[in-house]
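Chain by chain, the residues run as shown.
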Amino acid sequence: MSGFAPVGVRCYGARAMPAPATADYVARWGYRTLDARRYERRRYGGRMRRLNLRLLEWALARALSGVAPDGLVLDVPCGTGILARFLAARGFRVIGTDLSPAMLAVAHERPEALGHVRADLEMPPYPPGTFDAVVCTRFLMHLPAESRPRVLRTLAELARGPLVGTVCHPYTLKTFGRGVRRLLGRQAKRSPRLTRSALAAEVAAAGLRLERVIPVMPILSEVWVVVLRVPSGAQLAAPRGGVQ
Ligand SMILES: C[S@@+](CC[C@H](N)C(=O)[O-])C[C@H]1O[C@@H](n2cnc3c(N)ncnc32)[C@H](O)[C@@H]1O
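Cut-offs used in this document
Residues numbered from 1 in each chain as written. Predicted model: local features only at pLDDT ≥ 70, side-chain atom pairs only at ≥ 80, totals over all residues. Helix = DSSP H or I, 4+ residues; strand = E, 2+ residues; numbered from the N terminus. Buried ≥ 20, exposed ≤ 12 C-beta atoms within 10 Å, placed from the backbone. Contact = placed C-beta atoms within 7 Å. Near = placed C-beta within 6 Å. Nonpolar A, V, L, I, M, F, W, Y, C, P; charged D, E, K, R; others polar. Pairing = 2+ DSSP bridges. Axes fitted to C-alpha atoms, helices over the stretch in contact; angles between N-to-C directions. pLDDT = per-residue confidence, 0-100. Right-handed = clockwise from strand over helix to strand, strands pointing away. Parallel < 35°, antiparallel > 145°, perpendicular 65-115°, else oblique. Left-handed = near helix turned anticlockwise from the far one by under 90°.

1. With respect to the overall build of the protein chain
Secondary structure summary: the protein chain contains eight helices and seven strands in total. In the protein chain, which comprises 244 residues, the share counted as buried stands at 37%. The contacts in the protein chain between residues at least 6 apart in sequence include a share of 70% that link residues at least 24 apart.

See the structure below:
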């Protein structure tokens, strides 16, 4: 794979996107023309959010500990490329991929990635086993549940090693607080969350192995970093669709 994207080659932009998209959800469209710098400030700016990012990186480092230091890592969807510096600092060679030209324009300014490719992660332009690992943060919970196993499998097949993703779980003070508000008859936001058994069922439906679940910060953070893998020697069966 070293010939895949030589240092300095930036390859996104000019190519036409293949159609059609196989699943539809808000995140597919919502990031195309937004102010990506503002997105990054809101998501990662400020002391607490920076701390969250450090904690996430720490969990990702544990998840990627078995990957060779010079391994080729796909960051997808890379968004503004916020993880590129962290990944490159660990020695990984990073390719970023995203659908949004606005996000990629910011990612492109970061020198740490080898390059960026504009592509739909449901139809990735890479052969199976191209990467040593695939990293997928802040995306899976945007997908309709019925699409997740298929997308998990698509991403996992791109890696010779692990697929490392983030999902949101309900075992936090925040979710508990929301439950209490509802019990008291007050309004509380409902966000998609995966229980441990729902996660296991989705991973099984994708025909993958769930190797590790790493909480970013137990009780306080709703984010789990999960390590998934195509079972060795296994011929993957077609994913059985979603888990309700
Ligand atoms: C919440 S952002 C997360 C970005 C980044 N991983 C992060 O942690 O900041 C979701 C990203 O998913 C991208 N996206 C949504 N659907 C996609 C698809 N089908 N293929 C590739 N990227 C997609 C959006 O363009 C957006 O950049």
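2. A word on the site of the ligand
In the neighbourhood of the ligand, 17 residues make up the surrounding shell, with Tyr31, Pro77, Gly79, Leu99 and Ser100 lying closest. The residue makeup of the shell around the ligand, split by class, is nine nonpolar, three polar and five charged.

3. With respect to the sheet that holds strand 7 (residues 223-229)
If you walk across this open sheet you meet the seven strands as 3-2-1-4-5-7-6, and the pairing is mixed. Only two strands of the sheet have a single neighbouring strand rather than two, namely strand 3 (115-118) and strand 6 (209-215). The average undirected angle you get between the axes of adjacent strands in this sheet is 25°. As defined by bridge partners, strand 6 adjoins strand 7 across six bridges and the pair is classed as antiparallel.

4. Brief notes about helix 6 (residues 148-157)
Within helix 6, nine of the ten residues are buried, which leaves it mostly tucked inside the rest of the structure. Here helix 6 has its buried residues at Arg148, Pro149, Arg150, Val151, Leu152, Arg153, Leu155, Ala156 and Glu157.

5. Some words on the environment of valine 134
Mapped onto the secondary structure, valine 134 falls in strand 4 (residues 133-136). Judged by the 28 C-beta atoms lying within 10 Å of it, valine 134 falls in the buried class. When the C-alpha atoms of valine 134 and valine 73 are compared, they prove to be 5.6 Å apart, with 61 residues separating the residues in sequence.

6. Structural notes on the confidence of the model for the protein chain
On average, residues of the protein chain score 88 in pLDDT, and 87% of them are at 70 or above. Note that pLDDT drops below 50 for residues 1-14; the model gives that stretch 18 contacts with residues more than four away or on any other chain. Here residues 235-244 scores under 50 on pLDDT; set against residues more than four positions off or in separate chains, the count is 25 contacts.

7. Thoughts on the pairing of strand 5 (residues 163-168)
Among the six residues in strand 5, five count as buried, and that is most of the element. Across three bridges, the pairing between strand 4 and strand 5 is parallel. The partner of valine 135 across the bridge, within strand 5, is valine 164. You can see the chain leave strand 4, run along helix 6 and come back into strand 5, and the turn it takes is right-handed. Sheet analysis places strand 5 next to strand 7, joined by six bridges and oriented antiparallel. From the neighbouring strand, glycine 165 faces strand 7, where its bridge partner is valine 226.

8. Let's talk about the packing of helix 6 against helix 8 (residues 196-205)
Viewed as axis vectors pointing N to C, helix 6 and helix 8 meet at an angle of 60°, and their least axial separation amounts to 8 Å. The orientation of helix 6 relative to helix 8 falls into the category oblique. The hand of the helix 6/helix 8 crossing is right-handed. From helix 6, Arg148, Pro149 and Leu152 reach across to helix 8, where they touch Glu202, Val203 and Ala205. Counted by class, the contact of helix 6 with helix 8 contains four nonpolar, no polar and two charged residues.

9. What to know about the pairing of strand 4
Covered by surrounding structure in strand 4 are Ala133 and Val135 together with Val134 and Cys136, the residues of both alternating faces. Both strand 1 (residues 72-75) and strand 4 contribute to a ladder of three bridges, which runs parallel. Looking across to strand 4, one finds that leucine 74 is bridged to valine 134.

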